[in-house]
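# Summary of structural features
Take a look at the letters that make up each chain.
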Amino acid sequence: MLVDAFPVGPLGCNCAIVADPSTNKSIVIDPGGDARKILDRIARHSFQVEAILHTHGHIDHVGATADLQKHFPVDSLLHPDDRFILDMLVVQSTFVGMRAPERPKLGADLVDHAVLRFGGLEVTVIHTPGHSPGSVSFRVQHGTERILFSGDTLFQGGIGRSDLWGGDSAALSRSIRDRLYALEDDLQVIPGHGGRTTIGEEKRSNPFVRPRASGAI
Ligand SMILES: [Zn+2]
Ligand SMILES: [Zn+2]
């Protein structure tokens, strides 16, 4: 599995191109800005883009999607609970001081527990609401390799904010504790912003959400 992750846009959203090298099929996760930079990287690898996936509907994660769709007429996928956030791109752009991008064309809804296949890539959708109602994480597997894209739910040593549209701090903690901390300790994590981490590292040291105490009492 080839993973090319790099920050895009003024807020430094981690965009990722994930490819199955045996078929050259790839997906783009969270193209939040800098469409030219993303297109150049796809061209350099000569990947075929199969879909654009979004961890949630915030402008810094969807800002370049419509531009990419002009080059690759593929579906862009979002959890339906974040559709209302995508419908307020102009409000969002004023809030963060960015130019409002064109609205992406959405394909099928992302559904919790669904497994999407692109060549040899298997993407499991994990609904992790809290940062936004439709926030999801993607666990991508190719053979024995696997990696998690946690969006703005879980960061290296941090968690996402829950004071934006539809945010819910209790739901955010539950999503991390019950869904993400239940994944493999050695699972690599690429968050929506900042550096990489692993599930085990966050369970050990994340000061904001502690794992459920094991054992009796
Ligand atoms: Zn966000
Ligand atoms: Zn973000």
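The coordinates are above.
Keep in mind it's a predicted model, so treat the numbers as computed, not measured. (Residues numbered from 1 in each chain as written. Chains lettered and ligands numbered in written order. Predicted model: local features only at pLDDT ≥ 70, side-chain atom pairs only at ≥ 80, totals over all residues.)

## Topic: the overall build of the protein
A tally of helices and strands in the protein yields 7 helices and 14 strands. Radius of gyration (C-alpha) of the protein: 16 Å, near the 17 Å computed for a compact globule of 217 residues. Viewed in the frame of its principal axes, the protein has a C-alpha envelope of about 55 × 40 × 30 Å. Buried positions account for 44% of the 217 residues belonging to the protein. The long-range fraction of contacts in the protein, counting pairs at least 24 apart against all pairs at least 6 apart in sequence, stands at 60%. (Helix = DSSP H or I, 4+ residues; strand = E, 2+ residues; numbered from the N terminus. Rg over C-alpha atoms; globule rule 2.2 N^0.38 Å. Buried ≥ 20, exposed ≤ 12 C-beta atoms within 10 Å, placed from the backbone. Contact = placed C-beta atoms within 7 Å.)

## Overview of the nonpolar core
Grouped together as the largest cluster of nonpolar side chains are 48 residues, with contacts concentrated most on Val18, Ile27, Val28, Ile29, Ile38 and Phe138. Examining the composition of this core, we find that 6 residues originate from one element, strand S2 (residues 13–20), more than from any other. (Core = buried A, V, L, I, M, F, W, Y, C linked by C-beta atoms within 7 Å.)

## Looking at the sheet that holds strand S14 (residues 197–198)
The 6 strands lie next to each other as S7-S8-S9-S10-S13-S14, forming an open sheet whose pairing is mixed. Because the sheet does not close on itself, it has two edges, and the strands there are strand S7 (115–118) and S14. Where strand S13 (residues 188–191) lies against S14, 2 bridges are found, and the strand directions are antiparallel. Directly across from glutamine 188, in S14, lies its bridge partner threonine 198. (Pairing = 2+ DSSP bridges.)

## Some remarks on the environment of serine 26
Counting through the fold element by element, serine 26 comes out in strand S3 (residues 25–29). A C-alpha to C-alpha distance of 23 Å links serine 26 and glycine 194, two positions 168 residues apart in sequence.

## As for unusual backbone geometry
The phi angle at asparagine 24 is positive, at roughly 70°, despite the residue not being glycine. Positive phi, close to 75°, is recorded for histidine 113, a residue that is not glycine. Mapped onto the fold, histidine 113 is located in the loop between strand S6 (106–109) and S7.

## Description of the sheet that holds S6
Adjacent strands of a sheet form backbone hydrogen bonds with each other and so pair up, either parallel or antiparallel. Strand order in the open sheet formed by 6 strands is S1-S2-S3-S4-S5-S6, with mixed pairing between adjacent strands. Looking along the sheet, the strands with just one partner apiece sit at the ends: strand S1 (2–8) and S6. Direction aside, the axes of adjacent strands within the sheet are offset by 25° on average. Of the strand pairs in this sheet, S2 and S3 are connected by 5 bridges, and their pairing is antiparallel. Along S3, the bridge assignment pairs aspartate 20 with lysine 25. Strand contacts of helix H1 (residues 35–45): S1, S2, S3 and strand S4 (48–53), with the helix running at about 20° to S2, the strand carrying the most contacts. (Axes fitted to C-alpha atoms, helices over the stretch in contact; angles between N-to-C directions.)

## Let's talk about the pairing of S4
Across the 6 residues that make up S4, a large majority, 5, are buried. As paired elements, S3 and S4 share 5 bridges and run parallel to each other. From the neighbouring strand, isoleucine 29 faces S4, where its bridge partner is leucine 53.

## Some thoughts on the pairing of strand S9 (residues 136–142)
Regular strands place side chains that alternate from one sheet face to the opposite one. Where burial is concerned, most of S9 is hidden: 6 out of the 7 residues are buried. Between S9 and strand S10 (residues 145–151), which follow one another and run antiparallel, lie 2 residues, and glycine 143 among them has a positive phi close to 60°.

## Some remarks on the environment of arginine 41
Along the chain, arginine 41 turns up in helix H1. For arginine 41, a count of 16 C-beta atoms within 10 Å translates into the label partly exposed. Considered as a pair, arginine 41 and arginine 139 are 98 residues apart in the sequence and their alpha carbons are 22 Å apart. Setting aside its immediate chain neighbours within four residues, arginine 41 contacts Asp4 and Ile17.

## With respect to helix H6 (residues 169–180)
Given a rise of 1.5 Å per residue, 12 residues ought to cover 16 Å, and the 15 Å separating the end C-alpha atoms of H6 matches this to within 8%. Those residues of H6 not exposed but buried are Leu172, Ser175, Ile176 and Leu180. Looking straight down H6, one finds its buried side chains confined to an arc of 90°; they lie on one side. Facing away from the buried surface of H6 by more than 90 degrees, the exposed residues are Ala170 and Asp178. Buried residues along H6 sit in contact with S9, S10, strand S11 (154–155), strand S12 (158–159) and helix H7 (199–205). (Expected span 1.5 Å × (residues − 1). Arc of directions from axis to C-beta.)

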